[in-house]
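# Notes for the structure review
Spelled out from the first residue to the last, the chains are:
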Amino acid sequence: EGSTLLPTPGQYYRWMFRPPNSANNAFFLETLRLMLVHEVTDAAGLPTGLELAYSTPRGWLSPGKQIVVSKLQTRFGPLSYVIDTAAGTVHAAIELPIGFAGTLRLRLRLPAGEALGATKVNGVAFHSFVNAETLDLTGLSGHIEVLATVK
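For the structure given in this document, a descriptive report is provided here. (Residues numbered from 1 in each chain as written. Predicted model: local features only at pLDDT ≥ 70, side-chain atom pairs only at ≥ 80, totals over all residues. Heavy atoms only, no water.)

### Regarding the side chain of R109
We count it as follows: Labels follow the DSSP assignment, with helices taken as runs of H or I lasting at least four residues and strands as runs of E lasting at least two, numbered in each case from the N terminus. Residue burial is assigned from relative accessible area. The probe radius is 1.4 Å, only protein chains are included, and a residue is buried under 20% of its type maximum, exposed over 50%, and partly exposed in between. By the counting scheme adopted, Arg and Lys are positive, Glu and Asp are negative, and His together with the chain ends is not counted. Think of a salt bridge as a Lys or Arg side-chain nitrogen and an Asp or Glu carboxyl oxygen that are within 4 Å of each other. Contacts described as polar in this section are N or O atom pairs within 3.5 Å, which, within protein, must combine one atom able to donate a hydrogen with one able to accept it, while residues neighboring in sequence count only if both atoms come from side chains. Throughout, a residue-residue contact means that at least one pair of heavy atoms, one from each residue, lies within 4.5 Å.
For R109, the position within the fold is in the loop between β8 (103–107) and β9 (116–121). Summary of buried charges: R109 has no salt-bridge partner, and the nearest side chain of opposite charge, E133, is 4.0 Å away. Here T56 takes part through its backbone oxygen, which lies 2.5 Å from a polar atom of the side chain of R109. Apart from residues lying up to four places away in sequence, R109 is in contact with A53, Y54, S55, T56, P57, R58, L61 and E133.

Structure follows, in structure tokens:
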């Protein structure tokens, strides 16, 4: 890839050379991936956990919207999750990699003015929050169901 800094004599403006396999495509995809799944590592770079939906735009969880991640490869193995919203509720179904045993956090970034209310995880009342919109699901494995009211 390359581009001229100044206008080129005899040309309309500047030249830009961008092949179809531009690194810009990879940059976009990596940014999207990090919005959906962030792999937490220790000082040695070894994986220690997952942060799900940490940077998704608030509008993605407006009533009637859905976020779907299917078989995304992580260092722990393939991960899938779905977050569905409806008026007054948000539901998440998470399928963790087999044998996952790290920290696990799910952020539910609701639209401005909305907040999480009563929350259940696997049918049991849940109270382990990192902050008002982030659930600490550390210690859970396999299939996880989250159901929260929206106030």
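And the narrative resumes.
### Some remarks on the sheet that holds strand β5 (residues 66–74)
Under the convention used in this document: When DSSP finds at least two bridges between two strands, those strands are taken to pair.
What the six strands build is an open sheet, ordered β5-β6-β7-β13-β9-β10; its pairing is antiparallel. Each having just a single partner strand, β5 and β10 (124–125) make up the two edges of the open sheet. Note that strand β6 (residues 77–86) and strand β7 (residues 89–95) share seven bridges and pair antiparallel. Within the sheet, the bridge partner assigned to I83 lies in β7 and is A92.

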